[in-house]
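Observations on the model geometry
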Amino acid sequence: MTSLTLDPDRLLPPDPTRRAVARRLHAAVADLPIISPHGHVPAGWLAHDTPFTDPTSLLLTPDHYATRLLHSHGVDLAHLGVGQGPLSAEASRAAFRTLCAHWSVYRGTPVRYWLQVQFADLFGITVRPSAETADEVYDQIAATLQTPQFRPRALFERFGVEVLATTDDPCDDLADHAFLAADPTFSGRVLPTFRPDRYLEVGVDGWTAHADRLQEVSGTDTSELTGFLDALRQRREHFRAHGAVSADHSHADVRAERLPASEAVELFALARKASLSTTEATALRRHLLWEMARMSSEDGLVMTLHPGVARSHHGPTARTFGADVGADIPLPGDFTRDLQPLLQDFGTDPGFQLVLFTLDETTLSREIAPLAGFYPSVWVGAPWWFLDAPDAIVRHRSAVTETAGFGKTSGFIDDTRAFCSIPARHDMARRLDAAYLSTLVADGRLEEDEALETIVDIVTVNPRKAFRL
Amino acid sequence: MTSLTLDPDRLLPPDPTRRAVARRLHAAVADLPIISPHGHVPAGWLAHDTPFTDPTSLLLTPDHYATRLLHSHGVDLAHLGVGQGPLSAEASRAAFRTLCAHWSVYRGTPVRYWLQVQFADLFGITVRPSAETADEVYDQIAATLQTPQFRPRALFERFGVEVLATTDDPCDDLADHAFLAADPTFSGRVLPTFRPDRYLEVGVDGWTAHADRLQEVSGTDTSELTGFLDALRQRREHFRAHGAVSADHSHADVRAERLPASEAVELFALARKASLSTTEATALRRHLLWEMARMSSEDGLVMTLHPGVARSHHGPTARTFGADVGADIPLPGDFTRDLQPLLQDFGTDPGFQLVLFTLDETTLSREIAPLAGFYPSVWVGAPWWFLDAPDAIVRHRSAVTETAGFGKTSGFIDDTRAFCSIPARHDMARRLDAAYLSTLVADGRLEEDEALETIVDIVTVNPRKAFRL
Amino acid sequence: MTSLTLDPDRLLPPDPTRRAVARRLHAAVADLPIISPHGHVPAGWLAHDTPFTDPTSLLLTPDHYATRLLHSHGVDLAHLGVGQGPLSAEASRAAFRTLCAHWSVYRGTPVRYWLQVQFADLFGITVRPSAETADEVYDQIAATLQTPQFRPRALFERFGVEVLATTDDPCDDLADHAFLAADPTFSGRVLPTFRPDRYLEVGVDGWTAHADRLQEVSGTDTSELTGFLDALRQRREHFRAHGAVSADHSHADVRAERLPASEAVELFALARKASLSTTEATALRRHLLWEMARMSSEDGLVMTLHPGVARSHHGPTARTFGADVGADIPLPGDFTRDLQPLLQDFGTDPGFQLVLFTLDETTLSREIAPLAGFYPSVWVGAPWWFLDAPDAIVRHRSAVTETAGFGKTSGFIDDTRAFCSIPARHDMARRLDAAYLSTLVADGRLEEDEALETIVDIVTVNPRKAFRL
């Protein structure tokens, strides 16, 4: 049976000159607290501190990074528990066996890296996952999950999480967040994030129901545009009162453009009757996104944009298993042209702050870094999703730094619902920043004391500034 | 006179840690047989085993990788024998002198690498090509080509080619393939590939003649759409009966989209009268490509797509010298949107398999790897054409692996008509995979035994799976 | 107080194998003269040899590379002297203090690199810039600027500039260039460059005034197209008579396409009445650019294209501070399709030569290198603007070399108005070419004697050929 080990120098550059520098840089930040200003862990886990049920439901089923690659190798998503509700003990074990038997398909991917760190470091697994060792690994994790040290709050503390932001529907009452804030036995900071996509997607079936629901929750008439905007404004206040620092938006593109007032009112009336054309729906959505920017400039919620994904690319999968199951495929981005109207209006407004994420690496050196290197309001978001991976993270720094420096980058964002992977993810980013900075030191572009200050800033100062924490 | 030598460690990483690992990985695959599932060597060479005539006709004239760069430095293509028919002894020598005198223009290109390996390893040349040494090099190669060991079949065996796929017109009778299969003295596997581009390009002048020819060869009336499709289906069967495993398609884009049945019939009727508008021609071509996908899902021929090239970018050159002379220039690609209709219909169909090639590197991490990392049917093709070069090959692995792993990549594809370069090309890819994997080992992302298994898989298992060999 | 030092091996690869080779390659070109065929230093500085007034006006205010990043960190451009006319002693010192206090924002950027080399090497600064050391650094530079050795002509000689091209308006009388050419005490070669953008942008407000001015200066009636073109032709002759070797063009895209003669005449008449639609203005501009290509093929001025920037992206900044203040943001490029009409007509014309620059890195391997690797007229321009930075320069060589080799690249272009940074910029490019070539040597792709010849060619031969010097 092959053993599972972790190289203490993993991800640091192999040549001795850089490795020595990188080790020192990493050591300086390895144990600093985790600031996680954008992610998808449910606040309820921490509020109720419910024990995790089984290895598969915790580590595999909800993680589309992990399930998609098994699906691409012919495994049925249903077998992995996707869209199946609570798993039986047998189903959980069977799915986990499939994961272990397919351990080789993850070679070279960050999923492999994150799982390996979790298995070795968190669960104390010492054998390499395989068809043969699957049950042993499963049993050991399952047993560990029963212990009090593996309840969500205990892990939260053990992970050293200082701030954790969740992602929430504007109509959410945020009761879990309120409960945590009021709980004297919990000292962590768990913040909601305002995510109004579905309320802005006026052309999507079912939008009117969302608008109705917004009226119900806000107590504000949403039959006309003014009221609808007031309702959103009110919900933003509700979020701010519960600690929210940002509003997150994910549409096909980042265009936000104000319509003439009368036209906006008119299109909204049509939207309420579900009789917008596609072009009109897009125009109104872009107007509403512009209104979100205006509200951000007023209430101070940092605006974050996660654009450019063809969601649920495979219709039949979406119909059977729902959204967010690994069938989202990126699209080319356009930030220079699409953001111009927004940045005309708010780009130098001290109240406004904008963090840009992309899945299209070409936009990094061409558009995002130049924008962040001119506009005081614009920040470069961390490498996101498919790009949250070692080679891509280094490419990201390389594409961005020469134009925007380090000081306009957001710090690491884990963006994950895989709770137990959070330390591995942050540590991965810290190691890679150490590696990148060690290259600058080794080739004489930076002194080591500057590199040291920079990496500490990236971990502590940058996310606080970018997200107004 | 400067000597010509080959570094046994060429293309392996220079630092000692990685080099040691890379050497071991390369050694494990260096002598494995060559599987070449897509290329352009004429089957007739092997069927008739005709000796090669002269160095220029073998190594220079037909290789647009080599001639284009000389053209860009002001050399007339005619002087290189392009479009000139059989070369006189003087013309052959003169062209070869030009190649040697311009040896420096190839520095840093894969043409230099491939020629150097062929010169040193295959032809035993020991002096660096130059104006001064041109005749010596020419004479030595010319003499070697006269020996029985340099007849096509002898080289085929010496190269260790296990499978070689050619690229063929649907109307080809495949007599050469049949001859080889029936020949008890030849044990190699030489397979045809179905390449119907010209029959699908309904908007191009001369298409009706192709449709007529298809009718003649298939014995099926192609005056209406149903018959036309039947004729293509029949030709696919003919190809499958001769061992074909794939159908290759190269159009401006990869969009394949079904038209309503009546509209398709109507447009086809117009096409037969050569009276389609440009828009209609594109719509019908995309419908026909969709039909090709349907046939692939039924008959099991793997569909390969090589899109995104402005063929014969320079009209005057095309008029004088014809196609495929180095004047093709790549275009941006769009796989996410363009493949959606096709993948809705066949993306999870177990009968369907699709290998994607691109000349637009931006599509690798953004589109192709995410598609291959979700759809069971989708495979990442090898770096193609301009990207079949050391730095580009490493960029390709780096762009693809973190999202799609190694297991959904096709293995190396040489795609060449330069027969003698085949071993050098496959060995180059093996060295670079060893280099890439050695980095993963050196920075603790992979154990060496896993890297070893991976590189053996890439060379042996992946192409067999991707091409259903 | 931390000291400021320069690593003599800066930018060379850290591993010993490559570093040794890179050192030898760099040493071979480190002291070769500077050829600067495209830049923005005013000829008047050299003609009048006026002493530089103060550190800020020389090093900070006019350099949008430096000011934009301070602006992105919240510094008002006015405070940096942008658009303020001559600076008072207090304002100059205050701005310089801001620069030093923000020294950390430049970490990892080329601005940091260039300033550090200038500070240490040229001005003999030995302390790291900071809020504390700002006055000391300022005073030392200010004192140095008073010495005769820091007058423009003395620096020109000290820098070893062999050729310096300026960028000039077609209506410029080029008196400064004439003065320098006639001055027996000045032996440098200072050439004008013909930059007619504003005369081709027929859709921009104020164009008619430019056309009027052209008439006045050329003495040729510009009320109709023929005369307008004659006037431009006459000005090109004027430039050639003063030593110009190239004509530079920067529009939104690179499309140049001939209109039918009558349509061109008609659109021009409308332009003269300022009544073109946007579409018509674009069509006419592209026709005029085509005419510029035709003139280049006739008079031999090398055509250089710098496309793809959204100029003055932030309207309010442009209205307050004018153009070229750091608010220009790149756009995606399209060379394959857009250049096709031009290259049909002039691509193989021996009189025509075209150098392509891009801010969209994706076009390098996909379009520009393939074009330069086929068309004798096409050259790959150096990494430009945001891409004139260490990582980007290496990516540029990596993207271009495998398809176009070294011989079709232009050599380094500094494109700067920051006069004192010219040696640092050229040396940076030489170091990075040494680094890139050392990798080819270390992994056996090139012999060291070839690498040596290549780097000398890049510095001496390539710019002379690309710019017909």
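Residues numbered from 1 in each chain as written. Chains lettered and ligands numbered in written order. Predicted model: local features only at pLDDT ≥ 70, side-chain atom pairs only at ≥ 80, totals over all residues. Heavy atoms only, no water.

**Brief notes about the overall build of chain A**
What chain A contains, in helices and strands, is 20 helices and nine strands. Based on the C-alpha atoms only, the size of chain A along its principal axes is roughly 70 × 60 × 45 Å. The buried share among the 469 residues of chain A stands at 63%. Excluding contacts between residues fewer than 6 apart, the proportion of contacts in chain A whose partners are at least 24 apart in sequence is 77%. Carbon and sulfur atoms provide 51% of the accessible area of chain A, an area that totals close to 15,500 Å². (Helix = DSSP H or I, 4+ residues; strand = E, 2+ residues; numbered from the N terminus. Buried < 20%, exposed > 50% of the residue type's maximum accessible area, 1.4 Å probe, protein only. Contact = heavy atoms within 4.5 Å. Areas by Shrake-Rupley, 256 points an atom, 1.4 Å probe, with all protein chains shown as cover.)

**So, the relation of the copies chain B and chain A**
Laying chain B over chain A is done by rotating through 120° and shifting 0.0 Å along the axis; what remains is an RMSD of 0.0 Å. Here the transformation between the copies is reduced to the relation of a three-fold axis. (Least-squares fit on C-alpha atoms with pLDDT ≥ 70 in both.)

**Quick look at the interface of chain B and chain A**
Taken together, the 43 residues of chain B in the interface contact 47 residues of chain A. Summing both sides of the interface, chain B and chain A together bury roughly 3,700 Å²; the carbon and sulfur share of this comes to 51%. On the chain B side of the interface with chain A, the three residues burying the most area are B:Arg366, B:Phe374 and B:Glu402, jointly 21% of the side's total. Where chain B meets chain A, there are seven salt bridges. With its nearest N and O atoms 2.9 Å apart, the salt bridge here joins B:Asp449 to A:Arg128. In this structure, the connection of chain B to chain A is made through 26 residue pairs in polar contact (both at pLDDT 80 or more). (Buried area = accessible area lost by both parts, 1.4 Å probe. Salt bridge = Lys/Arg side-chain N within 4 Å of Asp/Glu carboxyl O. Polar contact = N/O pair within 3.5 Å; in protein donor to acceptor, adjacent residues only side chain to side chain.)

**Description of the sheet that holds strand 8 (residues 354-356) of chain B**
Backbone hydrogen bonds are what pair the strands of a sheet, in a parallel or an antiparallel way. All names here are of chain B. Read across the sheet, four strands follow the order 4-5-8-9 without closing on themselves; strand pairing throughout is parallel. Every other strand in the sheet has two partners, leaving strand 4 (246-249) and strand 9 (378-380) as the edge strands with one partner each. The sheet shows a mean angle of 25° between the axes of neighbouring strands, taken without regard to direction. Pairing of strand 5 (residues 302-305) with strand 8, which is carried by three bridges, proceeds in the parallel orientation. Its bridge partner lying in strand 8, Leu305 is registered against Leu356. Packed on one face of the sheet, helix 17 (residues 362-372) meets strand 8 and strand 9 and runs near 130° to strand 9. (Pairing = 2+ DSSP bridges. Axes fitted to C-alpha atoms, helices over the stretch in contact; angles between N-to-C directions.)

**As for the relation of the copies chain B and chain C**
Each copy superposes on the other: chain B lies on chain C with an RMSD of 0.0 Å after a rotation of 120° and an axial shift of 0.0 Å. Here only 2% of the interface residues in chain B have copies in chain C that are interface residues too; the copies meet through unlike faces.

**Points about the pairing of strand 5 (residues 302-305) of chain A**
Residues and elements named next belong to chain A. Where burial is concerned, the two faces of strand 5 agree: the one with Val302 and Thr304 and the one with Met303 and Leu305 are both buried. Judged from the four bridges that link them, strand 4 (residues 246-249) and strand 5 form a sheet pairing that is parallel. If you follow Ser246 over to strand 5, its bridge partner there is Val302.

**A few points about helix 1 (residues 16-29) of chain B**
An ideal rise of 1.5 Å per residue puts 20 Å on 14 residues; helix 1 of chain B measures up with 20 Å between its terminal C-alpha atoms. On its buried face, helix 1 of chain B sits against helix 19 (422-442) and helix 20 (448-466) of chain B together with helix 19 (422-442) of chain C. (Expected span 1.5 Å × (residues − 1).)

**Section: the interface of chain B and chain C**
Taken together, the contacts link 47 residues of chain B with 43 residues of chain C. The interface formed by chain B and chain C includes seven salt bridges. Across the salt bridge formed by B:Arg107 and C:Glu453, the nearest N and O atoms sit 2.7 Å from each other. Contributions of two or more residues to the side of chain B that touches chain C are made by helix 4 (64-72), helix 6 (110-122), helix 15 (315-321), strand 7 (329-330) and helix 18 (390-404) of chain B. The class makeup of the residues in the side of chain B that touches chain C is 22 nonpolar, 14 polar and eleven charged. (Nonpolar A, V, L, I, M, F, W, Y, C, P; charged D, E, K, R; others polar.)

**Re the domain arrangement of chain A**
Residue and element names in this part refer to chain A. Looking at chain A, the domain boundaries give domain 1 (52-148) and domain 2 (153-466). The centre of domain 1, based on its C-alpha atoms, is set 29 Å off from the matching centre of domain 2. If you look at the interface, domain 1 gives 23 residues, while domain 2 gives 24 residues. Counting each side, the surface lost to burial between domain 1 and domain 2 is near 2,000 Å², with a carbon and sulfur contribution of 68%. Linking domain 1 with domain 2 are zero salt bridges, by the criterion used here. Taken together, domain 1 and domain 2 are joined by zero residue pairs in polar contact (both at pLDDT 80 or more). Residue assignment for the side of domain 1 that touches domain 2 shows that the elements contributing at least two residues are helix 3 (55-59), helix 4 (64-72) and helix 6 (110-122). Of the residues forming the side of domain 1 that touches domain 2, the biggest block, seven residues, is contributed by helix 6. In the side of domain 1 that touches domain 2, the residues fall into 15 nonpolar, four polar and four charged. (Domains from an automatic or database assignment.)

**Section: the sheet that holds strand 5 (residues 302-305) of chain C**
Residues and elements named next belong to chain C. Taken together, the four strands give an open sheet; going across it, the order is 4-5-8-9, and neighbouring strands pair in parallel fashion. Two strands in the sheet have a free side with no partner beyond their single neighbour: strand 4 (246-249) and strand 9 (378-380). Sheet twist, expressed as the average angle between the axes of neighbouring strands with direction ignored, equals 25°. Inspection of the sheet shows strand 8 (residues 354-356) paired to strand 9 by three bridges, in the parallel sense. For Leu356, the partnering residue across the bridge sits in strand 9 and is Val380. Contacts from helix 14 (residues 278-299) reach strand 4 and strand 5, with the element oriented near 145° to strand 5.

**A closer look at the packing of aromatic side chains**
Residue and element names in this part refer to chain A. Considering all chains together, one arrives at 63 aromatic pairs over all chains under this definition. The interplanar angle of 80° and the centroid separation of 6.4 Å between the aromatic rings of Trp45 and Phe419 together place this pair among those described as edge-to-face. Remark: Phe419 occurs in the loop between helix 18 (390-404) and helix 19 (422-442) and Trp45 occurs in helix 2 (residues 43-48); sequence separation between them is 374 residues. Residue Phe419 is classed as buried on the basis of its relative accessible area, which comes to 2%. Arranged with centres 5.5 Å apart and planes meeting at 25°, the rings of Phe123 and Phe150 form a pair that is stacked. Here Phe123, found in the loop between helix 6 and helix 7 (134-145), pairs with Phe150, found in the loop between helix 7 and helix 8 (152-158); they are 27 residues apart in sequence, far enough to count as distant. Look at Phe123 and you get buried, because its relative accessible area is 3%. Of the residues examined, Phe150 reaches a relative accessible area of 6% and is grouped as buried. (Phe/Tyr/Trp six-rings, centres within 6.5 Å; stacked < 30°, edge-to-face > 60°.)

**Comments concerning the environment of C:Glu266**
With respect to the helices and strands, the residue C:Glu266 is situated in helix 13 (residues 261-272). C:Glu266 sits 42 residues away from C:Glu224 along the chain, and the two C-alpha atoms are 9.1 Å apart.

**Some thoughts on the pattern of salt bridges**
Inspection of every chain in the model, using the stated rule, returns 120 salt bridges over all chains. One salt bridge connects C:Arg255 with C:Asp338, and the closest N-O pair in it is separated by 3.2 Å. With C:Arg255 in the loop between strand 4 and helix 13 and C:Asp338 in the loop between strand 7 (329-330) and helix 16 (340-346), this residue pair connects regions lying 83 residues apart in the sequence. Each of the two residues, C:Arg255 as well as C:Asp338, counts as buried. Beyond isolated ion pairs, a larger network of salt bridges with shared partners links A:Arg107, A:Arg112, A:Arg128, B:Asp449, B:Glu450 and B:Glu453.

**Comments concerning the side chain of A:Arg236**
Residues and elements named next belong to chain A. Structurally, the position occupied by Arg236 is in helix 12 (residues 225-241). On the basis of relative accessibility, which here comes to 0%, the residue Arg236 falls in the buried class. For Arg236, the contacting residues outside a window of four places in its chain are Phe194, Ala247, Met292, Met295, Ser296, Asp299 and Leu301.

**Quick word on the packing of helix 1 (residues 16-29) of chain C against helix 20 (residues 448-466) of chain C**
All names here are of chain C. Running from N to C, helix 1 and helix 20 cross one another at 35°; their axes reach a closest spacing of 9 Å. The chirality of how helix 1 crosses helix 20 is right-handed. In contact with Val21, Arg24, Leu25, Ala28 and Val29 of helix 1, helix 20 contributes Glu448, Ala451, Leu452, Ile455, Val456 and Val459. Grouping the amino acids of the contact of helix 1 with helix 20 by side-chain chemistry returns nine nonpolar, no polar and two charged. (Left-handed = near helix turned anticlockwise from the far one by under 90°.)

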